[in-house]
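# Structural overview
Read off the chains here:
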Amino acid sequence: MIEELLDYIGMFFVLIGSLFFLFGTIGLVRMPDLYNRMQASTKTTTLGVLSFLVGIGLMELSWLIKLLIIAFFVVLTAPIGASALARASYKHGIKLWKKSVVDKYKEGKND
Amino acid sequence: MNIYFFYLIISILAISIALGLYRLVKGPSVSDRAVALDALTNVTTALLVLIAVLSARFIYLDVALVYAILAFIGVVAIARYLEGGL
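Description of the structure in this document. On a predicted model such as this, the values are computed, not experimentally measured, just so you know.

## Things to note about the overall build of chain B
If you tally the helices and strands in chain B, you get 3 helices and 0 strands. In summary, chain B has a C-alpha radius of gyration of 15 Å against a globular reference of 12 Å for 86 residues, an excess of more than 25%. Considering only C-alpha atoms, chain B reaches an extent of 50 × 25 × 10 Å along its principal axes. Counting only residues that meet the buried cut, chain B has 41% of its 86 residues in that class. Taking all contacts inside chain B whose residues are at least 6 apart in sequence as the whole, residues at least 24 apart take part in 40%. Averaging the coordinates of the 5 positive side-chain charges in chain B and doing the same for the 4 negative ones gives two points 9 Å apart.

## So, the nonpolar core
With 27 residues, the main nonpolar core has Phe52, Leu53 and Ile56 of chain A as its most contacted residues. Contributions of two or more residues to this core are made by α1 (2–30), α2 (34–59) and α3 (64–92) of chain A together with α1 (3–26), α2 (30–55) and α3 (60–83) of chain B. Ranked by residue count, the leading element in this core is α2 of chain B, at 7 residues. With residues up to four places along the chain from it excluded, the contact list for Phe52 of chain A reads Phe13, Val14, Gly17, Ser18 and Phe21 of chain A together with Ile9, Leu13, Ala46 and Leu50 of chain B. One finds Met38, Leu85 and Ile94 of chain A together with Ala34 of chain B within the second-largest nonpolar core, a separate group that totals 15 residues.

## With respect to the side chain of Asp33 of chain A
Its location among the elements puts Asp33 of chain A in the loop between α1 and α2. When residues no more than four places from it in sequence are discounted, the contact partners of Asp33 of chain A are Lys95, Leu96 and Trp97 of chain A.

## Section: the interface of chain A and chain B
It is common to give the size of an interface as the accessible area lost on bringing the parts into contact. Each partner contributes residues to the interface: chain A has 42 residues there, and chain B has 46 residues. Each partner contributes to the roughly 3900 Å² buried at the junction of chain A and chain B, and carbon and sulfur atoms together form 79% of this total. Across the contact surface, chain A and chain B share 4 salt bridges. For the salt bridge of Arg87 of chain A with Glu83 of chain B, the shortest nitrogen-to-oxygen distance reads 3.1 Å.

## Observations concerning empty space enclosed by the protein
This model, assessed by the stated rule, comprises 1 cavity of 30 Å³ or more. Estimated volume of the largest cavity: approximately 120 Å³. If you go around the largest cavity, the residues you meet are Val74, Thr77, Ala78 and Gly81 of chain A together with Asp38, Thr41, Asn42, Ala68, Ala71, Phe72 and Val75 of chain B. Those elements giving two or more residues to the lining of the largest cavity turn out to be α3 of chain A together with α2 and α3 of chain B. When grouped by side-chain class, the residues that make up the lining of the largest cavity number 6 nonpolar, 4 polar and 1 charged.

## Section: the pattern of salt bridges
Tallying each qualifying case throughout the model produces 5 salt bridges over all chains. As a salt-bridge pair, Arg37 of chain A and Asp32 of chain B come within 2.4 Å of each other at their nearest N and O atoms. Within this pair, whereas Arg37 of chain A is found in helix α2, its partner Asp32 of chain B is found in helix α2, the two belonging to separate chains. Of the two residues, Arg37 of chain A and Asp32 of chain B, neither departs from the other in class, the shared state being buried. Between Lys91 of chain A and Glu83 of chain B there is a salt bridge, and its shortest N-O distance comes to 3.4 Å.

Analysis parameters
- Residues numbered from 1 in each chain as written.
- Chains lettered and ligands numbered in written order.
- Predicted model: local features only at pLDDT ≥ 70, side-chain atom pairs only at ≥ 80, totals over all residues.
- Heavy atoms only, no water.
- Helix = DSSP H or I, 4+ residues; strand = E, 2+ residues; numbered from the N terminus.
- Rg over C-alpha atoms; globule rule 2.2 N^0.38 Å.
- Buried < 20%, exposed > 50% of the residue type's maximum accessible area, 1.4 Å probe, protein only.
- Contact = heavy atoms within 4.5 Å.
- Lys, Arg positive; Asp, Glu negative; His and termini not counted.
- Charge placed at Lys NZ, Arg CZ, Asp CG, Glu CD.
- Core = buried A, V, L, I, M, F, W, Y, C linked by side-chain atoms within 4.5 Å.
- Buried area = accessible area lost by both parts, 1.4 Å probe.
- Salt bridge = Lys/Arg side-chain N within 4 Å of Asp/Glu carboxyl O.
- 1 Å grid on protein atoms, 1.4 Å probe; cavity = no way out; pocket = protein on both sides within 12 Å on 5 of 7 lines; lining within 4 Å.
- Points joined across faces, edges and corners; volume = space filled by probe spheres on them.
- Nonpolar A, V, L, I, M, F, W, Y, C, P; charged D, E, K, R; others polar.

If you want it as structure tokens, here you go:
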């Protein structure tokens, strides 16, 4: 009984996670410039990995610890990589979209 | 476990990988390609875990863990190269 219930909850989490992957990559294709693409894809795929791995862990309960280790590692490192990449591409000279209204990085440098 | 559910999940992940590959091929700058690679890496990690479940091998989870670590190192190396520090 409880096994079956956990199975269905895990399937729900896995479905949510894969839909987050789909939305993140749609944002990757549709967004107009690099920073918007990064905003759309990095957050959603990180949350997608978290939800997917927790869902798989609820299906296979004996794997849960190792899956949580992988999820913890991905959640820890994905923002670091994205932040380093955004900063490096700003310094590399990639322009913002022409309809962007605020550039906090440049404002901070002028102070 | 319902096998049709896994067919659905694999289809969604395949569409995601196709969209990411579109940006990876077309992306105007190096950073666009790096962002697309980062997103594809997360999708691939989930797919490796799914393969581990479908073939019922606990040891395949190590592949996903090592893949996630190497992908992080790759993105940071690309960022350092663009910044001019490498």
